[in-house]
Amino acid sequence: MTRVPEAELVGVPGGTLITATPEEGRTLAIVMARHSIHNIQPELDDLKAGRPVYSVNPDSLIAASQVIAIEFQTIAAANNYWR
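It should be emphasised that the depicted structure is a prediction, and the values quoted were computed from it without experimental measurement.

With respect to the packing of aromatic side chains
Piece 1. Evaluation of the coordinates by the stated rule reveals one aromatic pair.
Piece 2. Ring geometry for F72 and W82: centres 5.8 Å apart, planes at 20°, overall stacked. Taken together, the positions of F72 in helix α3 (residues 58-78) and W82 in the segment after α3 put the pair ten residues apart, joining distant regions of the chain.
Piece 3. Accessibility expressed as a relative area gives 23% for F72, which makes it partly exposed.
Piece 4. Its relative accessible area of 22% is what places W82 among the partly exposed residues.

Structure (structure tokens):
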């Protein structure tokens, strides 16, 4: 089986939640959410096998959006909401 690259298994890419802008924070939130999934399922073949199912399931897409939103809340707080 092919595994997700080690660089994709880092919980906090770059080792910090501090970003210059909210846009960078949002991008970091998306990357962190993806890395969480990669840590849960590091086998690429298994990960890709489920994609045809969850990529068209509204509940799955909403759940993914919720994870990103929670990550973004954490990043925003760490950045003092960019004040």
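Some remarks on the packing of helix α1 (residues 22-40) against α3
Piece 1. At a minimum axis separation of 8 Å, α1 and α3 run at an interaxial angle of 130°. Considering the angle they form, α1 stands oblique to α3. The crossing of α1 and α3 is right-handed. In this structure, α1 uses P22, G25, R26, L28, A29, I30, M32, A33 and S36 to contact α3, whose residues at the interface are V67, I68, E71, F72 and I75.

What counts, and at which threshold
- All residue numbers refer to position in the chain's written sequence, counted from 1.
- Whole-chain, interface and lining totals are the exception, using all residues; otherwise, since this is a predicted model, local features are given only for residues with pLDDT of at least 70 and side-chain atom pairs are given and counted only at 80 or more.
- Hydrogens and water are ignored here; the side-chain numbers use all heavy atoms of the structure.
- Each Phe, Tyr or Trp ring (for Trp, its six-membered ring) is paired with any other whose centre lies within 6.5 Å, and the angle between the two planes then decides the class: stacked below 30 degrees, edge-to-face above 60, tilted in between.
- Note on conventions: DSSP H or I runs of at least 4 residues are helices, E runs of at least 2 residues are strands, and numbering of each starts at the N terminus.
- Burial status follows relative accessibility: with a 1.4 Å probe on protein chains alone, a residue under 20% of its type maximum counts as buried, one over 50% as exposed, and anything between as partly exposed.
- Every angle, taken between N-to-C directions, lies between 0 and 180 degrees, and every axis is a line fitted to C-alpha atoms, over only the stretch in contact when it is a helix.
- Angle categories are assigned with fixed cut-offs, so that under 35 degrees is roughly parallel, over 145 is roughly antiparallel, 65 to 115 is roughly perpendicular, and the rest are oblique.
- Two helices cross in a left-handed way if the nearer one is turned anticlockwise from the farther one by less than a right angle. They cross in a right-handed way if the turn is clockwise.
- Contacts were defined at the residue level, with two residues in contact if any of their heavy atoms lie within 4.5 Å.

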